[in-house]
Amino acid sequence: GMGNTGGSAPYVDNTNSHSGNASLYFDYNNYSTSMIRLAGLDLTENEQPLVMSFYEYKDYASYGEVEVGFMTDPSDFSTFVTVKHVYPDDIPVDTWKEFRFGLPDSVNGKVIYPAFYVPTDNYTDFYVDDVTISVGDEDCFAPENLQASNVAYTSAQISWTPVTPNATYLMHYT
């Protein structure tokens, strides 16, 4: 569900996306309060650490903050828990930036609704895309540019570009 106290955003935008053909667009130059919550995620059986990630983009200068977190009751804002504060002014203009952070262990055993909340007193236009919640460690980033070369029946050379803060990786094969 989406909601705000003024303006027409957030909404699904088909002109700018990190992947695919659409993203969520937040337009808050009218100093309104807005929230979008995503579909519920059933974690009642989960006992593993979880990581939330998403990409954010802005197309011109803005200031303010976005609170990223979750709700336990989709119709009750008082259940919203902020996990991460994101500041769009930290994102270069015309650039998609990935945000990645661990969710608290308190989400396990519940159904949660990931949510983005923009409080009042913001001048913030931004897009959000590729929201994921996955099992893992927030400090372990997948390598980029993974490539296999000199592939033979019993061997291959694997190369990649490490992503900070990781300097080394453990590779497992069977």
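## Section: the overall build of the chain
Okay, so step 1: Counting secondary structure elements, the chain contains 0 helices and 13 strands.
Okay, so step 2: Within the chain, counting contacts between residues at least 6 apart in sequence, those at least 24 apart form 71% of the total.
Okay, so step 3: Working note: accessible area of the chain is about 9900 Å², and carbon and sulfur atoms make up 50% of it.

## Looking at the confidence of the model for the chain
Okay, so step 1: In the predicted model, the chain carries a mean pLDDT of 82, and 83% of its residues have values of at least 70.
Okay, so step 2: The spread of mean pLDDT over the elements of the chain runs between strand β1 (residues 2–4), the lowest at 43, and strand β5 (residues 41–42), the highest at 93.
Okay, so step 3: For residues 1–7, every residue scores under 50 in pLDDT, and the model assigns this stretch 20 contacts once sequence neighbours within four places are set aside.

## A few points about unusual backbone geometry
Okay, so step 1: In this structure, Asp 130 is a non-glycine residue whose phi angle is positive, near 55°.
Okay, so step 2: Its place among the elements puts Asp 130 in strand β11 (residues 124–135).
Okay, so step 3: Relative accessible area serves as the criterion here: at 24%, Asp 130 is assigned to the partly exposed category.

## Topic: the environment of Ile 112
Okay, so step 1: With respect to the helices and strands, Ile 112 occurs in strand β10 (residues 111–118).
Okay, so step 2: For the pair Ile 112 and Gly 40, spaced 72 residues apart in the sequence, the C-alpha separation amounts to 5.5 Å.

## Re the side chain of Asn 46
Okay, so step 1: Within the secondary structure layout, Asn 46 lies in the loop between β5 and β6 (50–58).
Okay, so step 2: What makes Asn 46 buried here is its relative accessible area of 16%.
Okay, so step 3: Separated by 2.4 Å, the side chains of Asn 46 and Asn 108 make a polar contact.
Okay, so step 4: The contacts of Asn 46, once residues within four sequence positions are left out, are Asn 108, Gly 109 and Val 135.

## Describing the pairing of β6
Okay, so step 1: Most of β6 sits out of view: 8 of its 9 residues are buried.
Okay, so step 2: Looking at chain direction, β6 and strand β9 (residues 95–102) are connected through 8 bridges and run antiparallel. Note on β9: the bridge partner recorded for Phe 54 is Phe 99.

Each value, and the rule that gives it
Residues numbered from 1 in each chain as written. Predicted model: local features only at pLDDT ≥ 70, side-chain atom pairs only at ≥ 80, totals over all residues. Heavy atoms only, no water. Helix = DSSP H or I, 4+ residues; strand = E, 2+ residues; numbered from the N terminus. Contact = heavy atoms within 4.5 Å. Areas by Shrake-Rupley, 256 points an atom, 1.4 Å probe, with all protein chains shown as cover. pLDDT = per-residue confidence, 0-100. Buried < 20%, exposed > 50% of the residue type's maximum accessible area, 1.4 Å probe, protein only. Polar contact = N/O pair within 3.5 Å; in protein donor to acceptor, adjacent residues only side chain to side chain. Pairing = 2+ DSSP bridges.

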